[in-house]
Amino acid sequence: MALRLFNTRTRSVEEFIPRDPAGKKVGIYCCGPTVHNYAHIGNFRTFVFADLLRRYLGFRGYEVRHVMNITDVEDKIIGAARASGITAQEHTLRYEKAFFEDFNALKCLPPDESPRATEFIEPIVELIGKLVDRGLAYRATDGSVYFSIEKYRKAGHQYGQLVNLNFDQMRVGERVSADEYDKESFADFALWKAQVPDDGSVTWPSPWGSGRPGWHIECSAMSMRLLGASFDMHLGGEDLVFPHHEDEIAQSEGAGLQEPGQPFVKYWVHASHLLVEGKKMSKSLGNFYTLRDLQAKGFDGREIRYVLLSANYRASLNFTLESLNGARTALARLDECLGKLEELRGGETAPAPDLLDAFRQAMDDDLNISAAWGCVFDWVREANRRLSENAVSPEQASAWLAAWAGIDSVLGIGVKRDSEAPAEIVALLEARQAARKARDFQRADAIRDELKAAGWVIEDTPKGPRPKRI
RNA sequence: GGCGGGGUAGCCAAGUGGUAAGGCAGGGCUCUGCAAAAGCCUUAUGCGUCGGUUCGAUUCCGACCCUCGCCUCCA
């Protein structure tokens, strides 16, 4: 069985076959953050999804090269930097740093490359030059360079590979910004934006005059430079399907760098948006959360990751504070089971095949994460049942833990290590045990309260009391 | 207006032409001196509404309702 994924380009679930003739190497590009502010939980759904896919490909034995760009030149950045009197670069570096802190907190593996748009101006200019040379781009009277959809189509290309486009029915002009009136056609988009006074020092020289890159061109230039003119997978949020990704295809295929018959990207995979408390996330509704907002409410990255991984990437996920609380309980149950197996384990054993097979079968089916969690919790229940009957051998425990290690290389949830109790806690524990032995339960319970106040809860097990950090 | 997703228990969420995974919450029970943020068991005659096809539909078809996304720089 092979991995199957929904390809936006064909609007169907397809078997994943890498471009690499050896079937090994896989190139992935994911549209990364615009570092103008803290990223919100919706942004992170996409990045956690990309992380899941990239990890699963690794689990399936592929050699993944994962590129995620950093958009560090854009209107909001320029505006925000001006407003706070710092340079655009000071502004973007600050939020880029914050982004990766959040990214790490969510247990996302670092991409192999995270190129900044501002460090790829040369390839960008070069790519625009190719499009101008091929007659697909033109310099307008305002000095900006635009991509001509009409000329692209006349050259035999298809514009509208990812969406059904009907320009006649579109609500034209409602959101066209005032600085793009010089375009030949409303559908054309900017490749190079001529410098305007507000840009300040955020400007680079080019054959068409000073300016800065348009939104879409950076992704074409960086992805092709780092992964080749054709590569396997391009990921992003569903809102990027049009126009961003459609325009990327136009620019990249318009430059004609691909081998004949080869598309720019083989598989386009998009993550749906999330809702928060059943509503579209918005600042006015008060349901707009950054990762930091949730951390301030006491939730950690692991719990947030669990919730973000609780639904299939193509379904809109309803992110709620209640589900975050549920994540804590569910993960504690998983940790508890893993901890017990850890105590029992003995020797090196091959991973338990049933568990891994069930997990793989679920994930192969368009990353059916819900079914995968179903496998995990079915297993937890089964393991607990057998543990309570003392029917788990050290070899079985090792085999299960080895299988879990494989699964967790994909889920990235990890095991919460029981922190070692400090000496004073151990002393209290022993005092309580002594009191219990003397059947002085009043004193024993008093000590338990004292421990609880110190942040430790006690579980009396057949093997003796176990301290647990609250 | 055009195009594309969704509507499954109190909440989150899989899935199937043959009678509903999993998680949380709730209920019951077990271990325990008592407990536990320990464990087990349990919880939808029902899958937006109304029709149709079928021996049988939550699953296929049609209509309608609600909701989300995109329609030019938003993950």
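Calculation criteria
Residues numbered from 1 in each chain as written. Chains lettered and ligands numbered in written order. Predicted model: local features only at pLDDT ≥ 70, side-chain atom pairs only at ≥ 80, totals over all residues. Helix = DSSP H or I, 4+ residues; strand = E, 2+ residues; numbered from the N terminus. Pairing = 2+ DSSP bridges. Axes fitted to C-alpha atoms, helices over the stretch in contact; angles between N-to-C directions. Parallel < 35°, antiparallel > 145°, perpendicular 65-115°, else oblique. Left-handed = near helix turned anticlockwise from the far one by under 90°. Contact = placed C-beta atoms within 7 Å. Nonpolar A, V, L, I, M, F, W, Y, C, P; charged D, E, K, R; others polar. Domains from an automatic or database assignment.

Caption draft 1: Structural detail: the overall build of chain A. The number of helices and strands found in chain A is 15 helices and 14 strands. C-alpha extents for chain A along the principal axes are approximately 95 × 55 × 40 Å.

Caption draft 2: Up close: the environment of Glu126. For Glu126, the location among the structural elements is in helix 4 (residues 121-133). As a C-alpha pair, Glu126 and Gln158 span 32 residues in sequence and 23 Å in three-dimensional space.

Caption draft 3: Highlighting the sheet that holds strand 9 (residues 231-237). A sheet is described by the order of its strands in space; here four strands give the open sequence 4-3-9-10, paired in parallel fashion. Only two strands of the sheet have a single partner each, and these edge strands are strand 4 (63-68) and strand 10 (265-271). The mean angle between the axes of side-by-side strands here comes to 20 degrees, regardless of whether they run parallel or antiparallel. Relative to strand 10, strand 9 runs parallel, the two sharing six bridges. Bridge assignment links Leu235 to a residue of strand 10, and that residue is Val269.

Caption draft 4: Just the sheet that holds strand 6 (residues 145-147), in detail. Spatial strand order, 5-6-7-8: four strands in an open sheet with antiparallel pairing. Across the chains shown, the open sheet's two edge strands, defined by having one partner strand only, are strand 5 (137-139) and strand 8 (211-213). Neighbour to neighbour, the strand axes of the sheet diverge by 20 degrees on average, direction disregarded. Pairing geometry for strand 6 and strand 7 (residues 189-194), over three bridges, is antiparallel. Residue pairing across strands places Val145 opposite Trp192, the latter belonging to strand 7.

Caption draft 5: Spotlight on the packing of helix 10 (residues 321-344) against helix 13 (residues 394-411). Packing of helix 10 against helix 13 leaves a shortest axis separation of 8 Å and a crossing angle of 130 degrees. Comparing the axis directions of helix 10 and helix 13 gives the class oblique. Of the two possible hands of crossing, helix 10 and helix 13 adopt the one that is left-handed. On helix 13, the residues touching Leu338, Leu341, Glu342 and Leu344 of helix 10 are Pro394, Ala397, Trp400, Leu401 and Trp404. Among the residues making up the contact of helix 10 with helix 13, the classes are represented as eight nonpolar, no polar and one charged.

Caption draft 6: Just the domain arrangement of chain A, in detail. In terms of domain boundaries, chain A breaks down into domain 1 (4-271), domain 2 (276-411) and domain 3 (423-469). On a C-alpha basis, the centres of domain 1 and domain 2 stand 33 Å from each other. If you look at the interface, domain 1 gives 23 residues, while domain 2 gives 25 residues. Every element with two or more residues in the side of domain 1 that touches domain 2 is listed here: strand 1 (4-7), helix 1 (41-59) and helix 3 (88-105). Ranked by residues supplied to the side of domain 1 that touches domain 2, first place goes to helix 1 with 11 residues. Here the residues of the side of domain 1 that touches domain 2 sort into 16 nonpolar, two polar and five charged.

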